[in-house]
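If you want the building blocks of each chain, they are given just below.
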Amino acid sequence: EDQVTQSPEALRLQEGESSSLNCSYTVSGLRGLFWYRQDPGKGPEFLFTLYSAGEEKEKERLKATLTKKESFLHITAPKPEDSATYLCAVLAYSGAGSYQLTFGKGTKLSVIP
Amino acid sequence: SQTIHQWPATLVQPVGSPLSLECTVEGTSNPNLYWYRQAAGRGLQLLFYSVGIGQISSEVPQNLSASRPQDRQFILSSKKLLLSDSGFYLCAWSLGQGNQPQHFGDGTRLSIL
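What you see is a predicted model; the values in this text were computed from it and never measured. (Residues numbered from 1 in each chain as written. Chains lettered and ligands numbered in written order. Predicted model: local features only at pLDDT ≥ 70, side-chain atom pairs only at ≥ 80, totals over all residues. Heavy atoms only, no water.)

Draft legend 1. Broad picture of the pairing of strand 2 (residues 10-14) of chain A. Residue and element names in this part refer to chain A. Taking every second residue as pointing to the same face, the buried face of strand 2 carries Leu11 and Leu13, while none of Ala10, Arg12 and Gln14 on the other face is buried. The sheet contact formed by strand 2 and strand 11 (residues 107-112) spans five bridges and is parallel. By the bridge assignment for strand 11, Leu13 is matched with Val111. (Buried < 20%, exposed > 50% of the residue type's maximum accessible area, 1.4 Å probe, protein only. Helix = DSSP H or I, 4+ residues; strand = E, 2+ residues; numbered from the N terminus. Pairing = 2+ DSSP bridges.)

Below, the structure is given as structure tokens:
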């Protein structure tokens, strides 16, 4: 069974304190890995897609990287407005010509001024 | 640009009452459409997906059903709600290609009394 595990479950950072969120996965036939940001009471907002090991994507203070077994979301000099839950999702081949998207449970990031 | 609308944002219903949640997408044609449920402390659970009008695939046997009467309209229904149907319901769309990201609406918070 495909699994996606995010760590830590929660992370508190001081404003400006850089850190990384982890998403590890065990799937066969990876087709893509997606990062989302979710604010309380809202739907997930798409951030990045990574398709192959070694790929990197950046957006403002966020940088996503991918290896064959995990992805990292690096947050550089975070600001309070970066506080949110960050979700990782893995798209993999599930047989019979279909694909399955599996979400992790998320990392709740709090950035303290 | 594409937008997705979900309504209502919140809903309080008595046990045994019917349900209809609606989702519409603008700015794209023939999208894949999805219904998810998100429970506290758990990942997003895929309930239904559709690749075209009248084509619905169910991922989890349950008290709910889905319909796609028009290309960009997706409806989640129930004839009789259960207490266990409470949760945060999210609609999403993606382009037809298998490895494209899904984009979410802002969800409906459903409370069953």
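Draft legend 2. Up close: the sheet that holds strand 1 (residues 3-7) of chain B. Residues and elements named next belong to chain B. Strand order in the open sheet made by the four strands is 1-3-8-7, with antiparallel pairing throughout. Each edge of the sheet is formed by a strand with only one pairing partner; in this case those strands are strand 1 and strand 7 (65-70). Recorded for the sheet is a direction-independent mean angle of 20° between the axes of neighbouring strands. The pairing of strand 7 with strand 8 (residues 73-78) spans four bridges and is antiparallel. Its bridge partner being in strand 8, Gln70 is matched across the sheet by Gln73. (Axes fitted to C-alpha atoms, helices over the stretch in contact; angles between N-to-C directions.)

Draft legend 3. Structural detail: the state of the cysteines. All names here are of chain A. In the structure shown here, the tally under the stated rule is two disulfides over all chains. One disulfide bridge connects Cys23 with Cys88, the sulfur atoms lying 1.9 Å from each other. Residues Cys23 and Cys88 are joined through a disulfide that is left-handed, its torsion about the S-S bond being -55°. Here Cys88 lies in strand 9 (residues 84-95) and Cys23 lies in strand 3 (residues 19-26), a separation of 65 residues in the sequence. Overall, Cys23 belongs to the buried group, its relative accessible area being 0%. (Disulfide = S-S within 2.5 Å.)

Draft legend 4. Structural context of the interface of chain A and chain B. The interface is formed by 17 residues belonging to chain A together with 17 residues belonging to chain B. Of the roughly 1,400 Å² buried at the junction of chain A and chain B (both faces included), carbon and sulfur atoms supply 57%. On inspection of chain A and its partner chain B, the count reaches one salt bridge. The shortest N-O distance in the salt bridge between Asp106(B) and Lys42(A) comes to 3.9 Å. Linking chain A with chain B are three residue pairs in polar contact (both at pLDDT 80 or more), by the criterion used here. Those elements that place two or more of their residues in the side of chain A that touches chain B are strand 4 (30-38), strand 5 (45-50), strand 9 and strand 10 (98-103) of chain A. For the side of chain A that touches chain B, the leading source of residues is strand 4 of chain A, giving four residues. Taken together, the residues that form the side of chain A that touches chain B break down as nine nonpolar, five polar and three charged. (Contact = heavy atoms within 4.5 Å. Buried area = accessible area lost by both parts, 1.4 Å probe. Salt bridge = Lys/Arg side-chain N within 4 Å of Asp/Glu carboxyl O. Polar contact = N/O pair within 3.5 Å; in protein donor to acceptor, adjacent residues only side chain to side chain. Nonpolar A, V, L, I, M, F, W, Y, C, P; charged D, E, K, R; others polar.)

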